[in-house]
Amino acid sequence: MRSNRFAVMCRKAKYFKGKPFLEGSYNGSYSWFWKNVVKSRDLLLRGACNLITDGNDANVWLEPWVLLSKDFFAKPIGSTSGSVTKVAELLTEDGDWDIPKLQTHFESGTVRDIIKGGKPWGVGGDRWVWTKEPNGQFSTKSAYLILALERAPNIVVAPGHWNKLWSSKILEQHKVLWWSILSNALPIRGLLAKRINIDELSCPLCGAAEESMENLFLHCDFVYHLWRASPWGIFPVPDFGSRVWDWVTFIWNLKTKGVDTDKLFLYASIVVDTIWRTRNDKVHNYYSSNINTGIDSISNCFTDYADCLLSPTVDVFPPGWSTPPEDWIKINYDVKVGGEYMCIAALARDHSGTVLWGVANNLNFTNPLIGEAVACQLTMEIAATREHEFIIIKSDSEVVINAIKGVQSNWNIVNYVYACNQLYKKFLSCNFSFISRSCNFAAHNVARWVYA
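Treat the numbers as computed from the prediction; the structure is a model and nothing was measured.

J.: What should I look at first to understand the overall build of the protein chain in this one?
T.: Secondary structure summary: the protein chain contains 18 helices and seven strands in total. The globule rule puts the C-alpha radius of gyration for 452 residues at 22 Å, and the 29 Å found for the protein chain is more than 25% above it. By its C-alpha atoms, the protein chain is 80 × 75 × 40 Å across when sized along the principal axes. The proportion of buried residues among the 452 residues of the protein chain is 43%. Sequence-distant contacts, at least 24 apart, represent 61% of the contacts inside the protein chain between residues at least 6 apart. Looking at the protein chain as shown, the accessible area adds up to about 24,600 Å², and 53% of this sits on carbon and sulfur atoms.

J.: Just to check I follow, could you spell out the nonpolar core for this structure?
T.: One broad trend across soluble globular proteins is that nonpolar side chains are buried collectively. Counting residues in hydrophobic clusters, the biggest one holds 44 residues, and the most contacted among them are Ile331, Tyr333, Met380, Ile391, Ile413 and Phe432. Examining the composition of this core, we find that nine residues originate from one element, helix α15 (residues 368-385), more than from any other. The contact partners of Phe432, leaving out residues within four places of it in the chain, are Cys376, Met380, Ile393, Ile401, Ile404, Lys405 and Tyr424. If you look at the next biggest cluster of nonpolar residues, it comprises 43 residues, including Ile170, Leu218, Ile270 and Leu310.

J.: Looking at this model, I keep getting lost on a negative patch on the surface. Mind explaining?
T.: A contiguous patch of negative charge on the surface is contributed by Glu326, Asp327, Glu387 and Glu389. Mapped onto the fold, Glu387 is located in the loop between α15 and β6 (390-395). Glu387 gets classed as exposed once you look at its relative accessible area, which sits at 66%.

J.: Would you mind going over the packing of aromatic side chains with me for this structure?
T.: The geometry of an aromatic ring pair comes down to the distance between the two centres and the angle between the two planes. Inspection of the entire model under this criterion finds 18 aromatic pairs. Taken together, a centroid distance of 5.6 Å and an interplanar angle of 80 degrees make the contact between Trp245 and Trp252 edge-to-face. Accessibility classification places Trp245 together with Trp252 in one group, the buried group. Pairing Tyr424 with Phe432 gives two aromatic rings, centres 6.4 Å apart and planes at 25 degrees, and the pair type is stacked. Given the relative accessible area of 39%, Tyr424 is considered partly exposed. Through a chain of ring-to-ring contacts, the aromatic side chains of Trp61, Trp65, Trp97 and Phe106 assemble into a single cluster. Looking at Lys330, its charged tip hangs above the ring of Trp321, at a distance of 5.3 Å from the centre. Over the aromatic face of Trp321 sits the side chain of Arg349, whose NZ or CZ is 4.0 Å from the ring centroid.

J.: Could you clarify how one ought to interpret the pairing of strand β4 (residues 342-349) in this entry?
T.: Consecutive side chains along a regular strand alternate between the two faces of the sheet. Burial analysis of β4 places eight of its eight residues in the buried class, the great majority of the element. Burial along β4 is two-sided: Met342, Ile344, Ala346 and Ala348 facing one way and Cys343, Ala345, Leu347 and Arg349 facing the other are all buried. Taken together, the eight bridges between strand β3 (residues 329-337) and β4 define a ladder with antiparallel strand orientation. Residue Asp334 lies in a different strand from β4, and its bridge partner there is Ala345.

J.: Just checking my understanding: could you explain the side chain of Lys175 for this structure?
T.: Take Lys175: it is sitting in helix α8 (residues 172-182). Not counting the four nearest positions on each side in its chain, Lys175 is found in contact with Leu165, Trp166, Ser168 and Ile170.

J.: Before we go on, may I ask you to explain a nonpolar patch on the surface in this structure?
T.: Taken together, the side chains of Trp166, Val176 and Trp179 make up a nonpolar region of the molecular surface, amounting to roughly 290 Å² of accessible area. As for its placement among the helices and strands, Trp179 is situated in helix α8.

J.: Looking at this structure, I do not really get the sheet that holds β6. What am I missing?
T.: In any sheet, the strands associate via hydrogen bonds between backbone groups, in a parallel or an antiparallel arrangement. Sheet architecture is open: five strands sit in the order β5-β4-β3-β6-β7, paired in mixed fashion. Lying at the two open borders of the sheet, with one neighbouring strand each, are β5 (355-363) and β7 (429-434). Strand-to-strand twist of the sheet, defined as the mean angle between neighbouring strand axes without regard to direction, takes the value 20 degrees. As judged from the four bridges shared by β3 and β6, these two strands associate in the parallel manner.

J.: Which parts of the structure should I look at to understand the environment of Met342?
T.: When you line up the elements, Met342 lands in strand β4. On the basis of relative accessible area, Met342 is assigned to the buried category, the value being 0%. The sequence separation of Met342 and Thr85 amounts to 257 residues, and the corresponding C-alpha distance is 34 Å. With sequence-adjacent residues up to four places away left out, Met342 is seen in contact with Val335, Lys336, Val337, Asn361, Asn362, Leu363, Phe365, Thr366, Asn367, Pro368, Gly371 and Tyr451.

J.: It is not clear to me how the environment of Ile413 should be interpreted in this structure. Could you clarify?
T.: Its place among the elements puts Ile413 in the loop between α16 (398-405) and α17 (414-424). For the pair Ile413 and Trp276, spaced 137 residues apart in the sequence, the C-alpha separation amounts to 47 Å. Beyond its immediate chain neighbours, meaning those up to four positions away, Ile413 contacts Leu369, Ile370, Ala373, Val400 and Ala403.

Conventions we followed
- Residues numbered from 1 in each chain as written.
- Predicted model: local features only at pLDDT ≥ 70, side-chain atom pairs only at ≥ 80, totals over all residues.
- Heavy atoms only, no water.
- Helix = DSSP H or I, 4+ residues; strand = E, 2+ residues; numbered from the N terminus.
- Rg over C-alpha atoms; globule rule 2.2 N^0.38 Å.
- Buried < 20%, exposed > 50% of the residue type's maximum accessible area, 1.4 Å probe, protein only.
- Contact = heavy atoms within 4.5 Å.
- Areas by Shrake-Rupley, 256 points an atom, 1.4 Å probe, with all protein chains shown as cover.
- Core = buried A, V, L, I, M, F, W, Y, C linked by side-chain atoms within 4.5 Å.
- Patch = residues over 30% accessible without salt bridge, like charges linked within 9 Å, V, L, I, M, F, W, Y side chains within 5 Å.
- Salt bridge = Lys/Arg side-chain N within 4 Å of Asp/Glu carboxyl O.
- Lys, Arg positive; Asp, Glu negative; His and termini not counted.
- Charge placed at Lys NZ, Arg CZ, Asp CG, Glu CD.
- Phe/Tyr/Trp six-rings, centres within 6.5 Å; stacked < 30°, edge-to-face > 60°.
- Lys NZ or Arg CZ within 6 Å of the ring centre and 35° of its normal.
- Pairing = 2+ DSSP bridges.
- Axes fitted to C-alpha atoms, helices over the stretch in contact; angles between N-to-C directions.

So, to be careful, I would describe these as geometric facts and stop short of saying anything about function.
Structure follows, in structure tokens:
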């Protein structure tokens, strides 16, 4: 809340009383609105961080400013916290981090996180960003998600996997059914028995075990034959303690084995829908369950739905690397991420395809997005040192390329993007382009070789 406008200054004088927002409080005479603003402070602290530009505004010990640490606060060594006050005191004259001073005041993990964020750009004042959104702008959706995850600490399905489910190429009713299964929201006997007294707990389809999500949709003898009849020949293995979500993850992960998981997941969705319909028909309408009828129904539905929901497969051959125009230098870069560190590499070639130079460097952290941004900055620094005038920079990181072009912002790499934009001025012409991995094969292999 930094502004010279009169209304803002009046509210700061009334409510803050010379203190920063993070130390603000309220009493009974304050408005309902302001009381709730102060109460929201704890929530904001879980995602808000001060993005350092020149360091003149940020307090070293009272504000969150270590952008890439878990809680954004600097961890001091012993009782040295009183020797510096503003983050600007930790910068050298050229605006970079004073590493010996950082090592004097902070734990090694804090020092590593500070350096990983890059050199502050030094233009304008420090500003707050909301780290739960890539663009740094606060959203009620991401704030609500923080609270929702706290209310469900033992959540089985990660938010990213929910997104994958909702974007799957299956019927909308199947998406809702999967959500109900994974959220334990179906009225099956095992769950109902925990809330009310019911006489019958056994599975309606096999009668051999208590009806649970796993037994009904994975391990029941009836449903075992439905899964076994799939064209892919996959089926859940009983007695291994697997959950329905484990089965869904297994299906999606088969994509790495060359399986068309769009088709497979559509088939799996039809199977679980058939199981649920068959179960309800037996419980409520007293119909008998027939395995052959179920298999035929699944096969017919899959044929009809696949024609409508899945586009026909077309063999597309991705383009390879192409030479730049004469007098231009094309530079490809990539990152190889390992367990404790990663390697960045760049390869420069001219219009004849001749390799002019290559560069590689190891980084002692494993954030792939930041690694791509560091690699781009390193590439431009080497190109400027070699006095290239016309360069084309290619990368398979669309996020970094779009950030440098100004198409979208990302608070994670804002310092590196600023550095690249400053280096851009050293060339007569510099173009950035996103490419597929197949066009970035050489740089990718160099990074892998150096890493190994």
